[in-house]
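So you can see what is in the structure, the chains are spelled out below.
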Amino acid sequence: MIPASFDYVRAATVEEAIDLLVQHGDDAKLLAGGHSLLPLMKMRLAQPALLVDIAPLRALSYVRDEHDHVAVGALTRHHDLANSPVAISGASVLAHVAGQIGDPQVRHRGTIGGSIAHGDPASDLPAVLLALGATMVAQGPTGRREISAADFFVSFFEVALAPDEVLVEVRVPKSSPGQWGFEKLTKRAQDWAIVGAVAVRSSSGVGVGLINMGPVPLRASGVEAAIASGKDAKEAAELASEGTEPSADFNGSLEYRQHVARVLVRRALEKVGV
Amino acid sequence: MSILGNRVLRREDPKFLTVGGTYVADLELPGSVHVTFVRSNMAHAKIVSVDSSRAKAMPGVIDVFSNDDLGLANFPTIMEMTNAAMTPPMLASGTVRFVGEPIVVIVAETREAAADAAELVVIDYEPLPVVIDPVEARKDEILLFPEAGTNVAFTLDFGGDDTLFDACEVVVELTLANQRVAPCPLEGRSAAAHMTADGRLEFSSATQAPHGVRDALVSFLGLEPEQVHVVTPDVGGGFGAKASVYQEDIVVGWCALRLGRPVRWTETRSESMVGLGHGRAQVQHARIGGTRDGIVQAYRLDVLQDSGAYPGFGAVLPFMTRTMTSGPYKIARAECASVSVVTNSTTTTAYRGAGRPEATAAIERMMDVFAREIEMDPAELRRRNLISKDEFPYTTPVETVYDVGDYHRALDLALEVADYEQLRTEQSRRRLSGDVRQLGIGLSCYVEITNGLPDGEFGAVEIRPDGKVIVRTGTSPHGQGHVTAWSMLVAEQLGIAIEDIEVIYGDTDVVPRGAGTMGSRSLQIGGAAVNQAALDVIEKAKDLAADLFEADRGDVVLDKASASFHVVGSPAVSHSWAELAAAALAKDGGPLFAEVDLASPGPTFPFGTHVSVVEVDTETGKVTVLRHIAVDDAGRIVNPLLAEGQVHGGIAQGVAQALLEEVVYDLDGNPLTSTLADYSFISAAELPSYETRFTETPTPVNALGAKGIGESGTIGSTPAVHNAVCDALAHLGVRHVDMPTTPMRVWSAIEEAAARTNAKGQG
Amino acid sequence: MRIEMMVNANAESHDVEARTLLVHYLRDAVGLTGTNVGCDTTSCGACTVLMNGESVKSCTVLAAQAAGEAITTIEGLGDEFGQMDRVQQAFQDCHGLQCGYCTPGMVMAVTSLLRENPEPTEADVRLGLEGNLCRCTGYHNIVEAALAASRVHEVHQ
């Protein structure tokens, strides 16, 4: 399948990319690894007039230890994040999940920024970032701003980036290796999650995120509160489906997804010693 | 020392591994233009209007055609027995009957222009009521062909005996879904066509049957046989779905004739998922009865076959299902009847096993259900009912005559390799401890029919003056390794090294006749034809040698070790193959050559036992295959490497049907699995390595003693895995879970069983 | 637009449309048809090539995105004398291919896998090939081939 025609520009700097977004408005789309956008374009479900390729901006590909948090450049590929010693020691859940996305070829191209900015509720990383209490850094014509993960995922395939903003960095509070659980149910290894759950223990408590349980990635705040109040994994996990609105399809009815969410959250919690 | 039975590496491989195969899309065709089809996005509708004017006006577009432009007759039904009122036009005309049906063909200078133009064709539809479920279609309330007055395309009914189960102490019955699956060869359909300088249509096709494609082009395009030359370059898998000719093939040929320019067409995967025929698609109702001590006495299978929108090969699959009704068991009374109906879905066709996996799935599932009913170990029930090795040839209640077999041996070996007793012990342990991950052990004893169609096959062997050999075969391999296997057969007879043997196939100018490769027929009929041609060429060589030696013909012998002929007792004086080829040329002016049109000696019946071990996560319903043990008997094995490869591939497809794969439509007839992201094509990550063994019980039916091995893996594996999943859940009160046993379906079955148990407890 | 890249150590330079996919560039512009297209959704891996030594699905990379990079296709493996490398040879030795359509992508995926994980377990190989579909072999012999290749230690110059 072949995308509809478009123009292609490689941005030399973030500022140039932002200028192009300002100039072209809705006609322009940023292209990073392209593994969310190009499949849609081949199906002609997306037909942008201009692609602004930012993948070559190596300055946005890094994983840095920033004392209390790990800073991940938005154009860091899943493969690099999964293998980054800094990520493995300071944000091991993030490294682990990055190493599970798609397949090796996808991880060689796909980036954390591209994945998150796509806003797909079935994708793994957003729920992890919610559970971790991550912060996104966006850069626009007037400079940079921070957006908490909780505010970032707005609605179905929509995130809190303005049309002229570029996601430049993801900041993740440090967590200890081993203090997390990640559970994903798929039919095949390469599939998107039917349901996924992640639990992360930090100094401020246990964060729990849900994959594919509604139009946006979710934080299971009921579960988190239950743990804070001393409930065990089994009791707390019973609350995992509260307030969720998963879609129903031939892989999972609403009822099934809610059930699986409870099971996977319990398993994830057990891994963090709840 | 015989080369047969050795693990000879494939001669085909180096090309694929260094530069890749040459598939239709890889052919150089200077000046070629691209064909694209605009397909229906409605499952059932009247076509009110088609506006192609904008597409036609687009730069780069050469022309746009619809059915009226073609002036071709409707595509005939595959078999005369299906309902004659249900034929499709080459391009949909008036009514569309499934999503994916081609309506318009676009020819453009580039692939890109063709894709862009397809977006500009405006089709106005008037929706009609849709019927997807064959059970609904059977009611004839929504008709696909109102003029036919029914949705029934084909029936098989030999009458029923009301007293069939009267003598049985125990009778159980079950409705089983043998779901619709997509064959998914990695290469989709593809064709390229051009007119040669001498006015012939040269047509390259990704097909399993080049001569069938030639005959179809001749017939539909109104050409003479000598005007059409079909070539199959490398073909990227077929699995039965490329054994048929499709409307698109004919239209591509028509475009080349009409435009006088080389044209090429390669479907996208999204097109292939709705355009290439689907497989299986049966709803089965089975009844099995017998004694409390495990003698099965009666069995009846009623099949409702989903033909898809137009009756193709799929409509007549129940014929093969019926042939294998009672499986490997000695069942005194057995019946099978079927009804095939049309629905608003992709036409169904042959898919690896083609009607036999469906028969095996039914009887093997019912054997397990019966065993459970009488509380007998399923292996023991099978042992008690298998046909014994001294009962062959064995005629079943549906009049199928099994050639030869040792079914008990295969069962025993499979259980031994699996360490069945130990598995049952581990299962009990997990059941007792209430483990979240329960173990399931599933068996499948199968027998199937190969070379079941009546066609013979062409084979020829020619000795070149340099002593090298040209073999020509009417089979049309697409991964099976015929070049290697046929070389081995010829080397074995002639004593010539396989490196000096060239095997030619898939070119209708060079190979005059051929039925192709399907139905696990190739070795036992195509290989046998080549083998016979080799024997015939030896006889001709002996005639020539006798002249040269001035000896009695009966005294001439072929010494295979030196690949030369001599007079018995005088090995010092000999003539090589090259010398005899030269002698033939000198004598007749022609090559040393023999060709054979081998009539089919009839079908053979491969058999075996598969054991599957699965683990079921009872909380999520997810199934993991831990082990798969396959004992297969395909008679004499020419090359174990190739035979194992066939079994491996079959197992993967069989496991996939049991666990994962299903073509799904919504109620409006929209396909929900039209990409490989949505359709659960199984990968390496979902499968274990397999434990395969062969037993070899040679068949007396053909000279090679060989049976087919192409489909056994699929036939044997699916019920073993399916039974294993159901077995894992049996102690939870689950009687049956339909395929594919997806996580949600397994979980639902556990929930329903628990609800029943609770209700009983409260009641 | 004009793009330049190294393909199998040859400098290539061609005019393409911006929308040209890398796989079509390799097949149509460069003329290397070993790399196949098997799906539309980045699922099957038949189009897998190496970009700077790492496996990528060339149906989901624009040719323009690959400009300036080094691409290796199946045609670029093996030595200048036509000798197959250890992965190619293992595929033949283990009967890891039948129809051949997935094979170039499989070989490239295994090549990349072994670079990243020189001593994989069977589980590593199976998971590492999750993005490469094969309909013929049932994967058994492909996995065998990958493991066999990993046991062959090539001399690197």
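Residues numbered from 1 in each chain as written. Chains lettered and ligands numbered in written order. Predicted model: local features only at pLDDT ≥ 70, side-chain atom pairs only at ≥ 80, totals over all residues. Heavy atoms only, no water.

1. A word on the domain arrangement of chain C
Residues and elements named next belong to chain C. The condition that has to hold: For the domain bounds, the source is a domain assignment made automatically or taken from a database. Should any heavy atoms of two residues lie within 4.5 Å, those residues are counted as being in contact. What counts as a salt bridge is simple: a side-chain nitrogen of Lys or Arg found within 4 Å of a carboxyl oxygen of Asp or Glu. Distance and chemistry together define a polar contact, namely a pair of N or O atoms within 3.5 Å, with one atom able to donate a hydrogen and the other to accept it when in protein, and with adjacent residues in sequence counting only for side-chain atoms on both sides. Runs of E in the DSSP output that reach at least two residues are strands. Runs of H or I that reach at least four are helices, and both are numbered from the N terminus.
Each assigned domain of chain C is listed here: domain 1 (2-76) and domain 2 (86-150). The centre of domain 1, based on its C-alpha atoms, is set 21 Å off from the matching centre of domain 2. On the side of domain 2, 15 residues touch domain 1, which itself brings 18 residues to the contact. Where domain 1 packs against domain 2, one counts 0 salt bridges. Across the domain 1-domain 2 interface, the total number found is 9 residue pairs in polar contact (both at pLDDT 80 or more). Those elements giving two or more residues to the side of domain 1 that touches domain 2 turn out to be strand E3 (48-51) and strand E4 (54-57).

2. What to know about the pairing of strand E19 (residues 457-463) of chain B
Working note: regular strand, side chains alternate between the two faces of the sheet. Residues and elements named next belong to chain B. Formally: With a 1.4 Å probe rolled over the protein chains alone, any residue whose accessible area is under 20% of its type maximum counts as buried; one over 50% counts as exposed, and the rest are partly exposed. Any two strands with at least two DSSP bridges between them are considered paired.
The buried fraction of E19 is high, at 7 of 7 residues. Residues Glu457, Gly459, Val461 and Ile463 of E19 are buried on one face, and the alternating residues Phe458, Ala460 and Glu462, pointing to the opposite face, are buried as well. When E19 meets strand E25 (residues 592-598), the two strands line up antiparallel, connected through 7 bridges. Looking at the pairing, Phe458 lines up with Asp597 of E25. Pairing of E19 with strand E20 (residues 469-473), which is carried by 5 bridges, proceeds in the antiparallel orientation. Bridge pairing in E20 places Ile463 opposite Val469. Between the antiparallel neighbours E19 and E20 lie 5 residues, among them Gly467 with a positive phi of about 85°.

3. Focus: the pairing of strand E22 (residues 556-559) of chain B
All names here are of chain B. Of the two faces of E22, only the one carrying Val556 and Leu558 is buried; Val557 and Asp559 on the other face are not. The pairing of E22 with strand E23 (residues 564-567) spans 4 bridges and is classified as antiparallel. The residue bridging Asp559 from the neighbouring strand is Ser564, located in E23. Counted between consecutive antiparallel strands, the loop separating E22 from E23 contains 4 residues, among which Ala563 sits at a positive phi close to 50°.

4. Observations concerning the sheet that holds strand E18 (residues 437-447) of chain B
Hydrogen bonding along the main chain pairs the strands of a sheet, whether they run parallel or antiparallel. Residues and elements named next belong to chain B. The test is simple: A fitted line through C-alpha atoms represents every axis, and for helices the fit uses only the stretch in contact; the resulting angles, taken between N-to-C directions, go from 0 to 180 degrees.
Taken together, the 4 strands give an open sheet; going across it, the order is E18-E26-E27-E28, and neighbouring strands pair in mixed fashion. Two strands in the sheet have a free side with no partner beyond their single neighbour: E18 and strand E28 (690-694). Averaged over all adjacent pairs, the angle separating strand axes in this sheet is 10°, with direction ignored. Sitting on the sheet, helix H17 (residues 640-659) is in contact with strand E26 (607-617), strand E27 (623-633) and E28, with an inclination near 130° to E28.

5. With respect to the sheet that holds strand E7 (residues 143-148) of chain A
Residue and element names in this part refer to chain A. The strand order across the open sheet formed by 5 strands is E4-E5-E10-E6-E7, and the pairing between neighbours is antiparallel. The open sheet has two edge strands with one neighbour each: strand E4 (63-66) and E7. In this sheet, adjacent strand axes meet at a mean angle of 25° when their direction is disregarded. Lying on the sheet, helix H1 (residues 14-24) is in contact with strand E6 (135-140) and strand E10 (166-173); it crosses E10 at an angle near 125°.

6. Remarks on the packing of aromatic side chains
Rules: Aromatic rings from Phe, Tyr and Trp, with only the six-membered ring used for Trp, were paired whenever their centres fell within 6.5 Å, and each pair was classed as stacked if the ring planes differed by under 30 degrees, edge-to-face if by over 60, and tilted otherwise. Whether a charge sits over a ring depends on NZ of Lys or CZ of Arg being within 6 Å of the ring centre and within 35 degrees of the ring normal.
A complete count under the given rule lists 14 aromatic pairs over all chains for this structure. Arranged with centres 4.8 Å apart and planes meeting at 80°, the rings of Phe156 of chain A and Phe157 of chain A form a pair that is edge-to-face. You can call Phe156 of chain A exposed: its relative accessible area is 52%. Taking the relative accessible area as the measure of exposure, Phe157 of chain A reaches 38% and is therefore partly exposed. An aromatic cluster of three or more residues is present, and its members are Phe98, Phe145 and Tyr310 of chain B. Over the face of the ring belonging to Tyr62 of chain A we find Arg64 of chain A, whose NZ or CZ atom lies 3.7 Å from the ring centre.

7. Describing the pattern of salt bridges
Summed over the entire model, instances satisfying the criterion amount to 69 salt bridges over all chains. We note a salt bridge from Asp124 of chain A to Lys184 of chain A, for which the minimum N-O separation is 2.6 Å. Of this pair, Asp124 of chain A sits in helix H8 (residues 124-132) while Lys184 of chain A is found in strand E11 (residues 180-185), placing the two residues 60 residues apart along the sequence. The partly exposed category is assigned to Lys184 of chain A, whose relative accessible area is 24%. Note that Arg300 of chain B is salt-bridged to Asp302 of chain B, the shortest N-O span being 2.9 Å. For Asp302 of chain B, a relative accessible area of 28% gives the class partly exposed. A single salt-bridge network, built from bridges that share partners, covers Arg266, Arg267 and Glu270 of chain A together with Arg437, Asp617 and Glu619 of chain B.

8. Observations concerning the nonpolar core
Worth spelling out the cut-off: We call a set of buried residues a nonpolar core when its members are Ala, Val, Leu, Ile, Met, Phe, Trp, Tyr or Cys and they connect through side-chain atoms within 4.5 Å of each other.
Of all hydrophobic cores here, the largest spans 85 residues; its most connected members are Phe91 and Tyr139 of chain C. If you tally residues by element for this core, the top one is H17 of chain B, at 8 residues. Sequence-distant contacts of Phe91 of chain C, that is, excluding residues within four places in its chain, are made with Leu17 of chain B together with Gly96, Leu97, Met106, Val107, Val110, Ile142 and Ala145 of chain C. In terms of nonpolar packing, the next biggest core, distinct from the first, is built from 71 residues, Ile112, Leu161, Leu185 and Ile227 of chain A among them.

9. Concerning the interface of chain A and chain C
Defined as follows: What counts as buried area is the accessible surface, traced by a 1.4 Å probe, that two parts surrender upon association, with contributions from both included. Ten residues, namely Ala, Val, Leu, Ile, Met, Phe, Trp, Tyr, Cys and Pro, are considered nonpolar, four, namely Asp, Glu, Lys and Arg, are considered charged, and the remaining ones, Gly among them, are considered polar.
Taken together, the 33 residues of chain A in the interface contact 33 residues of chain C. Regarding the contact of chain A and chain C, the summed buried area is about 2600 Å², with carbon and sulfur atoms giving 53% of it. The three residues of chain A that bury the most area against chain C are Lys42, Gln105 and Arg109 of chain A, which together make up 23% of that side's buried surface. Our enumeration of links across chain A and chain C arrives at 3 salt bridges. A salt bridge links Arg77 of chain A to Glu54 of chain C; the shortest N-O distance between them is 2.5 Å. Between the two partners, chain A and chain C, sit 16 residue pairs in polar contact (both at pLDDT 80 or more). Within the residue set of the side of chain A that touches chain C, elements represented by two or more residues are strand E1 (7-10), helix H2 (37-42), strand E3 (50-53) and helix H6 (104-109) of chain A. No other element matches H6 of chain A, which puts 6 residues into the side of chain A that touches chain C. Here the side of chain A that touches chain C is built from residues that sort into 15 nonpolar, 9 polar and 9 charged.

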